[in-house]
Amino acid sequence: MNTKQVKEVKALLAKPKKIVIVTHWSPDGDAMGSSLGLYNYLIKKNHKVTVITPNDYPEFLHWLPGNNKAIDFSKKATTAKKIVAGAELIFCLDFNSLKRIDKLGDEIAKSKAIKFIIDHHLQPEDFANYMLHTVNVSSTCELVYDFICLMSDKKLLDKNIGNCLYTGIMTDTGSFRFPSTSAKTHLVVADLMKYGAENAEIHNRIYDDSTEDKIKLLGFSLGEKLTVLKEYKTAFFSLTDKELKKYNYKKGDTEGVVNYALSIKGIRFAAFFVERDGIIKASFRSKGSFNVNLFSRNHFKGGGHANAAGGMSEQSMKETIKKFVSLLPDYKKELNKK
Ligand code: 5GP
Ligand code: MN
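Residues numbered from 1 in each chain as written. Chains lettered and ligands numbered in written order. Predicted model: local features only at pLDDT ≥ 70, side-chain atom pairs only at ≥ 80, totals over all residues. Heavy atoms only, no water.

### Here's the deal with the pattern of salt bridges
Note on pairing: side chains with opposite charge can pair once their charged atoms come close.
Inference 1: Scanning the model with the defined rule gives 19 salt bridges in all.
Inference 2: The closest approach of N and O atoms between Lys45 and Asp153, which form a salt bridge, is 2.7 Å. Remark: Asp153 occurs in the loop between α5 (140-150) and α6 (159-172) and Lys45 occurs in the loop between α2 (29-44) and β2 (48-53); sequence separation between them is 108 residues.
Inference 3: Exposure remark for Lys45: the relative accessible area of 22% places this residue in the partly exposed category. (Salt bridge = Lys/Arg side-chain N within 4 Å of Asp/Glu carboxyl O. Helix = DSSP H or I, 4+ residues; strand = E, 2+ residues; numbered from the N terminus. Buried < 20%, exposed > 50% of the residue type's maximum accessible area, 1.4 Å probe, protein only.)

Shown next, in the form of structure tokens:
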């Protein structure tokens, strides 16, 4: 946003408005943290705000302040449609394409409201009036912090906003270990703590809230399902619907597990395939220059970031894995680059 746009947005937010905040399909910590962080900020400015998610999300995010006011489009489509139709401003957080929000995207596309994108994914689509976008940032939560500062509203930061934004920065940076973590990210987090963010408690709520089944599913995944292809510096594993059921799978139980495959010495490319609602959802992670956003865009109808992306396949699990493995020789040189 340039200076002129900042001025315009400040003017828009100067008087109470009907505002909708939407975020991507299967929201993660950054999606919910940024949406509810922005929600808690905007209600302090006396706006009427509704957070709408395309579908549900893991229970370990339900403690976030304002969560009980959020609406799940997949469960309350009629109510959500009405609220979107009546919105004056719509904020689209943590996604770059209306396809990422499924049927909710049609409602957003139809709406005459002024639209904002706040996001850090590569190649954003051009559907908004205003955009706060860069890929050189840890998370959308960090951008929401920047947005609040741009609005000259740093004084409005508090424990609720701080807890939401800290959550997304922490989850999207793998607890501050990915290269996307900058010196500025640490300064932002320090500032959020100054305003009341409960760092240790947040970590506890997100990462130490596992069920016994979840940990046993992780053990099974790594013990029985992991394949390591040293030649391609690649490790991957998969879980079928049947396997998930055996461990009483709940949403969020496999979040982040792909990183275990990436943590093996020498591995630069990790993939995880999971059967969900009749399709195969893929998660890709890489270290260094191997671009999983491009890999996923080209072969698995997905996208994301250079080192973390997702995609899908409508083939069977067996066929999907066969396809994945058959693609690797084409990338052998790239995967073995220093
Ligand atoms: P995850 O593997 O954790 O589901 O997603 C990794 C990253 O890729 C996240 O930033 C997520 O928003 C993005 N992503 C996941 N699935 C898809 C997809 O199907 N399409 C696109 N464009 N991005 C995705
Ligand atoms: Mn994000």
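Moving on from the coordinates now.
### Observations regarding the site of ligand 1
Inference 1: In the vicinity of ligand 1 lie 13 residues, with Arg100, His121, Lys281, Ser283 and Arg285 positioned nearest.
Inference 2: At a separation of 2.8 Å, a nitrogen atom of ligand 1 approaches a polar side-chain atom of Lys281.
Inference 3: Side-chain polar atom of His305 to an oxygen atom of ligand 1: 3.1 Å apart, as the coordinates give it.
Inference 4: Contact with the protein chains covers 80% of the free accessible surface of ligand 1, which is 490 Å².
Inference 5: No other element matches strand β12 (residues 308-313), which puts four residues into the shell around ligand 1.
Inference 6: Each residue belonging to the shell around ligand 1 can be placed in one class, and the counts come to two nonpolar, eight polar and three charged. (Near = heavy atom within 4 Å. Polar contact = N/O pair within 3.5 Å; in protein donor to acceptor, adjacent residues only side chain to side chain. Areas by Shrake-Rupley, 256 points an atom, 1.4 Å probe, with all protein chains shown as cover. Nonpolar A, V, L, I, M, F, W, Y, C, P; charged D, E, K, R; others polar.)

### Some thoughts on the coordination of the manganese ion (ligand 2)
Inference 1: Distances from the manganese ion (ligand 2) to its protein donors, namely Asp30 (OD), Asp94 (OD), His120 (NE2) and Asp172 (OD), fall within the range 2.2 to 2.4 Å.
Inference 2: Read N to C, the donor residues that coordinate the manganese ion (ligand 2) are spaced as D-x63-D-x25-H-x51-D. Note that Asp30 is positioned in helix α2 and Asp94 in the loop between β4 (89-93) and α4 (104-110), a separation of 64 residues in sequence. One exposure class covers both Asp30 and Asp94, and it is buried. (Donors = N, O, S within 2.8 Å, 3.2 Å for Na, K, Ca; no water.)

### Considerations on the nonpolar core
Inference 1: Formed by 47 residues in total, the largest nonpolar core has its most connected members in Ile21, Leu38, Tyr41, Leu42, Phe91, Phe147 and Leu192.
Inference 2: The residues touching Leu38, leaving out its near neighbours within four places in the chain, are Ile21, Phe91, Leu93, Val144 and Phe147.
Inference 3: Of all hydrophobic cores here, the second largest spans 20 residues; its members include Ala271, Val292, Tyr331 and Leu335. (Core = buried A, V, L, I, M, F, W, Y, C linked by side-chain atoms within 4.5 Å. Contact = heavy atoms within 4.5 Å.)

### Looking at the domain arrangement of the protein chain
Inference 1: As far as domains go, the protein chain holds domain 1 (3-207) and domain 2 (212-335).
Inference 2: A C-alpha centroid distance of 27 Å is found between domain 1 and domain 2.
Inference 3: The interface is formed by 16 residues belonging to domain 1 together with ten residues belonging to domain 2.
Inference 4: Between domain 1 and domain 2, the buried area comes to about 1100 Å², and carbon and sulfur atoms account for 50% of it.
Inference 5: Among the residues domain 1 hides against domain 2, the three largest losses belong to Phe60, Leu122 and Gln123. Together they make up 34% of the total.
Inference 6: Where domain 1 touches domain 2, the interface holds one salt bridge.
Inference 7: A salt bridge links Lys251 to Asp56; its shortest N-O distance comes to 3.3 Å.
Inference 8: There are seven residue pairs in polar contact (both at pLDDT 80 or more) connecting domain 1 and domain 2.
Inference 9: Each residue belonging to the side of domain 1 that touches domain 2 can be placed in one class, and the counts come to five nonpolar, seven polar and four charged. (Domains from an automatic or database assignment. Buried area = accessible area lost by both parts, 1.4 Å probe.)

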